[in-house]
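Each chain, letter by letter, is given below.
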Amino acid sequence: MKNINTTELQHTWTQVDDYMNNLLIPSDSLLEQTLQTNAEAGLPAHDVTPNQGKLLQLLLQIQGASRVLEIGTLGGYSTIWMARALPEHGRIVSLESESHHADLARANLTRAGLMHKVDLRVGPALTTLPDVQEEYREPFDMIFIDADKPSNPDYLRWALRLTRPGSLIIGDNIVRDGEVIRTDSTDPRVQGVRSFLQLIADHPRLEATALQTVGSKGYDGFVIARVIDAPEPK
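Residues numbered from 1 in each chain as written. Predicted model: local features only at pLDDT ≥ 70, side-chain atom pairs only at ≥ 80, totals over all residues. Heavy atoms only, no water.

A. How the structure looks around the sheet that holds strand β4 (residues 140–145). The 7 strands lie next to each other as β3-β2-β1-β4-β5-β7-β6, forming an open sheet whose pairing is mixed. If you trace the sheet from one side to the other, it starts and ends with β3 (118–122) and β6 (206–215), each paired once. Across the sheet, the mean angle from the axis of one strand to that of its neighbour is 15 degrees, orientation sign disregarded. As paired elements, strand β1 (residues 67–71) and β4 share 4 bridges and run parallel to each other. Bridged to Glu70 within β4 is Phe144. Taken strand by strand, helix α6 (residues 125–135) contacts β1, β2 (91–96), β3 and β4, and its axis lies near 155 degrees from that of β2. (Pairing = 2+ DSSP bridges. Helix = DSSP H or I, 4+ residues; strand = E, 2+ residues; numbered from the N terminus. Axes fitted to C-alpha atoms, helices over the stretch in contact; angles between N-to-C directions. Contact = heavy atoms within 4.5 Å.)

B. Broad picture of the packing of aromatic side chains. Counted by the stated rule, this structure contains 2 aromatic pairs. Relative to Trp81, the ring of Tyr77 lies with its centre 6.5 Å away and its plane at 80 degrees, an arrangement referred to as edge-to-face. One end of the pair, Tyr77, and the other, Trp81, are both in helix α4 (residues 77–85), 4 residues apart, so they sit about a helical turn from each other. Note on Tyr77: relative accessible area 2%, which makes it buried. In this structure Trp81 comes out as buried when scored by relative accessible area, which is 5%. Both rings, one in Tyr136 and one in Phe140, keep their centres 5.9 Å apart while their planes meet at 35 degrees; by these two values the pair is tilted. By relative accessible area, Phe140 is classed as buried at 2%. Above the plane of the ring of Trp158 lies Arg161, whose end atom (NZ or CZ) is 4.3 Å from the centre. (Phe/Tyr/Trp six-rings, centres within 6.5 Å; stacked < 30°, edge-to-face > 60°. Buried < 20%, exposed > 50% of the residue type's maximum accessible area, 1.4 Å probe, protein only. Lys NZ or Arg CZ within 6 Å of the ring centre and 35° of its normal.)

C. Structural detail: the packing of helix α2 (residues 29–40) against helix α5 (residues 99–111). Two elements in contact, α2 and α5, have axes whose closest approach is 11 Å; the angle formed by their N-to-C orientations is 160 degrees. Viewed along their axes, α2 and α5 adopt a mutual orientation that is roughly antiparallel. At the point where α2 passes α5, the crossing takes the right-handed sense. Residues Leu30, Gln33, Thr34, Thr37 and Asn38 of α2 form the contact with α5, whose own contacting residues are Leu104, Asn108 and Arg111. (Parallel < 35°, antiparallel > 145°, perpendicular 65-115°, else oblique. Left-handed = near helix turned anticlockwise from the far one by under 90°.)

D. Local environment of the side chain of Asn152. Within the element layout of this structure, Asn152 appears in helix α7 (residues 152–161). On the accessibility criterion, Asn152 (0% relative accessible area) is buried. Residue contacts for Asn152: discarding those within four places in its chain leaves Ile145, Gly192, Val193 and Phe196.

E. Expanded view of the environment of Gly42. Position of Gly42 among the secondary structure elements: in the loop between α2 and α3 (50–63). By relative accessible area, which is 60% here, Gly42 ends up exposed.

F. Broad picture of the environment of Ile25. Among the structural elements, Ile25 can be located in the loop between α1 (6–24) and α2. Spatially, the C-alpha atoms of Ile25 and Val132 are 33 Å apart, while their sequence positions differ by 107 residues. If sequence neighbours within four positions are ignored, Ile25 has contacts with Met20, Pro50, Asn51, Lys54 and Trp81.

G. Fine view of unusual backbone geometry. Located in the positive-phi region is Asn173, a residue other than glycine, with phi close to 60 degrees. Relative to the assigned elements, Asn173 resides in the loop between β5 (163–172) and α8 (188–202). The exposure class of Asn173 is buried, given its relative accessible area of 15%.

Below, the structure is given as structure tokens:
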């Protein structure tokens, strides 16, 4: 097998993503404008890719979901993808720790005509989640975790309180360019993901799989867990 350097690999991954997206996902000027607005405002390039956004949308449609919790709004790009999948009475509660990011997300969602479906809350998620639990008594159909990785284990514990059998819990950015296998990693993001995955693996109320991905954003992956009807651990 010929040697291929990382730059060549990334070029190929990006080309394949572009090919698949152009083939399967129609061009959407509003979503493209959202990404451009986020970039011009200096937001980190942590948005999901178009094919990932479409996957989230399809999963919600397959679920027949009407209640979604998103932990980590950024500029609202993934929020738009998911809000579009919800019925008119549907609701997505999106939590964002940075007020600048939340302001931009609010503007993007308003431009998309979707703000009526979104409850956007500003502040560290671990401080806003208790209010969400108090105000939203019906369980969420899907929870998308895409925020600070050291807190992922805590986010999973909250997700289990806020879901029902059949709900999905999805975690993004779990491969970390392969660093997730490093037991001795000193990166708190890697250790947060490792603990998150171990908790999923050990929990009797979850069945899950994880997928490595390559694409325009490099080498990463996501985990999909389904809540099942089993007793809580004692």
